[in-house]
Amino acid sequence: MISDIKRTIVVTGGSKGIGRAICKAFAAPGVGVYFNFNSPETTGQDTAEEISAAGGIPKGMRVDVASETEITDFFKTVLDETGRIDVLVNNAGITKDTLLLRMKEKDWDDVIRVNLKGTFNCTKIAAKAMLKQRYGRIINITSIAGVAGNPGQANYAASKAGIIGLTKTVAKELGSRGVTANAIAPGFIRTDMTAGLSEKAASDIIAQIPLGRAGTPEDIAGVALFLASKSADYITGQVIHVNGGMYT
Ligand code: NAP
């Protein structure tokens, strides 16, 4: 047990982008920030350094959220070391975009496995600890695509719509025991996930955003922090749209 940890936060996909900003936002003295990532070349060192700089206690691990075995081991480490899970942010996600008629079975399966099954795997294990504690905050990162649909993203949009159904169900099942579950639906956020878009495609998207700019990972992290705060104690089963007005 790491004795100076007073609060434990778990963030999936914390090595970069939105997940990394969430890890940094939650980092504070006495907070254990556990995060994971999956690529063999990722170390998670940048995230760990940012957490430490804010006084938090970081631990990054290579774990595939879609693997029940790996996720079970990951949460065992968290619980062995800290004895609790206060906040779970299901953020890990991938895209394999192509139009429906060209979409291969593998493109479909890979995205559903990581985005939707990964969220289920982590939520199920964390929920057990949260129920015992009679406290927990589950925050799932869905997407504007999950509510509005998006050409070329049938797999991704379906996975993100599934996350919304999962969130609302978990909110109903766990609410009576002090556990809330909410989703954040980001719009267009500048990260590696969107870096493949041409500047023309990006500026076409930005032209549809009333606030006139792409979102930043910090725009999402701030809302995650709010949903885990005391101010959000009476909010559960909701989807919070953070998209600059792109979808209302
Ligand atoms: P990103 O920069 O590509 O980061 C994705 C993160 O997920 C990385 O840390 C990655 O780690 C991790 N990851 C991928 N597969 C994983 C797996 N199987 N197990 C564990 N970790 C895994 O993407 P992002 O833009 O920050 O996206 C974060 C979340 O926001 C995703 O759920 C995404 O769908 C959602 N979102 C993003 C946008 C946007 O515009 N960017 C909009 C709406 C929703 P490694 O690569 O190091 O393995």
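Scroll up a little and you will see the structure.
A brief look at the structure comes next. Since we're looking at a predicted model, the values are computed, not measured.

**Here we look at the overall build of the protein**
Piece 1. Counting secondary structure elements, the protein contains 8 helices and 7 strands.
Piece 2. Here the C-alpha atoms of the protein give a radius of gyration of 17 Å, agreeing with the 18 Å that 2.2 N^0.38 yields for 248 residues.
Piece 3. The C-alpha extent of the protein, read off along each of the three principal axes, is 50 × 35 × 35 Å.
Piece 4. Counting all 248 residues of the protein, 49% fall into the buried class.
Piece 5. At a minimum sequence separation of 6, the contacts of the protein that also span at least 24 residues come to 74%.
Piece 6. Summed over all atoms, the accessible surface of the protein reaches about 11,700 Å², with 55% contributed by carbon and sulfur.
Piece 7. Taken as two groups, the 28 positive and 24 negative side-chain charges of the protein have centres that lie 6 Å from each other.

**Focus: the site of the ligand**
Piece 1. Residues in close proximity to the ligand total 32 residues, the closest being Asn38, Ser39, Thr42, Tyr156 and Thr191.
Piece 2. Threonine 42 places a side-chain nitrogen or oxygen 2.6 Å from an oxygen atom of the ligand.
Piece 3. At 2.9 Å from an oxygen atom of the ligand is found a main-chain nitrogen or oxygen belonging to isoleucine 189.
Piece 4. Against a free-state accessible area of 900 Å², the protein chains account for coverage of 94% of the ligand.
Piece 5. Contributing elements (two or more residues each) for the shell around the ligand: α1 (17-26), β2 (31-37) and α6 (154-174).
Piece 6. Residues of the shell around the ligand, tallied by class, amount to 13 nonpolar, 15 polar and 4 charged.

**Here's the deal with the sheet that holds strand β3 (residues 57-62)**
Note on sheets: strands pair through backbone hydrogen bonds, and any given pair is parallel or antiparallel.
Piece 1. Across the sheet, which stays open at both edges, the 7 strands sit in the order β3-β2-β1-β4-β5-β6-β7 with parallel pairing between neighbours. The sheet is open, and its two edges are formed by β3 and β7 (239-242), each paired on a single side. Taking the axes of each pair of neighbouring strands and ignoring which way they run, one obtains an average angle of 15 degrees across the sheet.
Piece 2. Of the strands in this sheet, β1 (7-11), β2, β4 (87-90), β5 (136-141) and β6 (179-186) touch α1, which is tilted by about 170 degrees from β1.

**Digging into α6**
Piece 1. In this model α6 runs 30 Å from its N-terminal to its C-terminal C-alpha over 21 residues, within 8% of the 30 Å that 1.5 Å per residue would give.
Piece 2. Restricting attention to buried positions, one finds in α6 the residues Asn155, Tyr156, Ala157, Ser159, Lys160, Ile163, Ile164, Leu166, Thr167, Val170, Ala171 and Leu174.
Piece 3. For α6, the elements touching its buried residues are α4 (105-133), β5, α5 (144-148), β6 and β7.

**Observations concerning the packing of aromatic side chains**
Piece 1. The final tally for this structure, using the stated rule, is 2 aromatic pairs.
Piece 2. Aromatic pair phenylalanine 35 and phenylalanine 37: ring centres 6.2 Å apart, planes at 45 degrees, arrangement tilted. Across the pair, phenylalanine 37 and phenylalanine 35 agree in class, each one buried.
Piece 3. Plain terms: the ring middles of phenylalanine 74 and phenylalanine 75 are 5.3 Å apart, the flat faces sit at 75 degrees to each other, and that makes the pair edge-to-face. Here the two residues phenylalanine 74 and phenylalanine 75 agree in accessibility, since each one is buried.

**Structural notes on the packing of α1 against helix α2 (residues 45-53)**
Piece 1. Interhelical geometry of α1 versus α2 gives an angle of 20 degrees and a closest axis separation of 8 Å. As the angle between them shows, α1 and α2 are arranged roughly parallel. Here the hand of the crossing between α1 and α2 comes out right-handed. Residues Arg20, Cys23 and Lys24 of α1 lie in contact with α2, whose contacting residues are Asp46, Thr47, Glu50 and Ile51.
Piece 2. When grouped by side-chain class, the residues that make up the contact of α1 with α2 number 2 nonpolar, 1 polar and 4 charged.

**Observations regarding the side chain of asparagine 91**
Piece 1. Within the secondary structure, asparagine 91 sits in the loop between β4 and α4.
Piece 2. Overall, asparagine 91 belongs to the buried group, its relative accessible area being 11%.
Piece 3. Only 2.9 Å separates the side chain of asparagine 91 from the backbone oxygen of glycine 13, close enough to count as a polar contact.
Piece 4. For asparagine 91, the residues in contact, after removing those within four places along its chain, are Thr12, Gly13, Ile18, Gly19 and Ile141.

The rules behind these values
Residues numbered from 1 in each chain as written. Predicted model: local features only at pLDDT ≥ 70, side-chain atom pairs only at ≥ 80, totals over all residues. Heavy atoms only, no water. Helix = DSSP H or I, 4+ residues; strand = E, 2+ residues; numbered from the N terminus. Rg over C-alpha atoms; globule rule 2.2 N^0.38 Å. Buried < 20%, exposed > 50% of the residue type's maximum accessible area, 1.4 Å probe, protein only. Contact = heavy atoms within 4.5 Å. Areas by Shrake-Rupley, 256 points an atom, 1.4 Å probe, with all protein chains shown as cover. Lys, Arg positive; Asp, Glu negative; His and termini not counted. Charge placed at Lys NZ, Arg CZ, Asp CG, Glu CD. Near = heavy atom within 4 Å. Polar contact = N/O pair within 3.5 Å; in protein donor to acceptor, adjacent residues only side chain to side chain. Nonpolar A, V, L, I, M, F, W, Y, C, P; charged D, E, K, R; others polar. Pairing = 2+ DSSP bridges. Axes fitted to C-alpha atoms, helices over the stretch in contact; angles between N-to-C directions. Expected span 1.5 Å × (residues − 1). Phe/Tyr/Trp six-rings, centres within 6.5 Å; stacked < 30°, edge-to-face > 60°. Parallel < 35°, antiparallel > 145°, perpendicular 65-115°, else oblique. Left-handed = near helix turned anticlockwise from the far one by under 90°.

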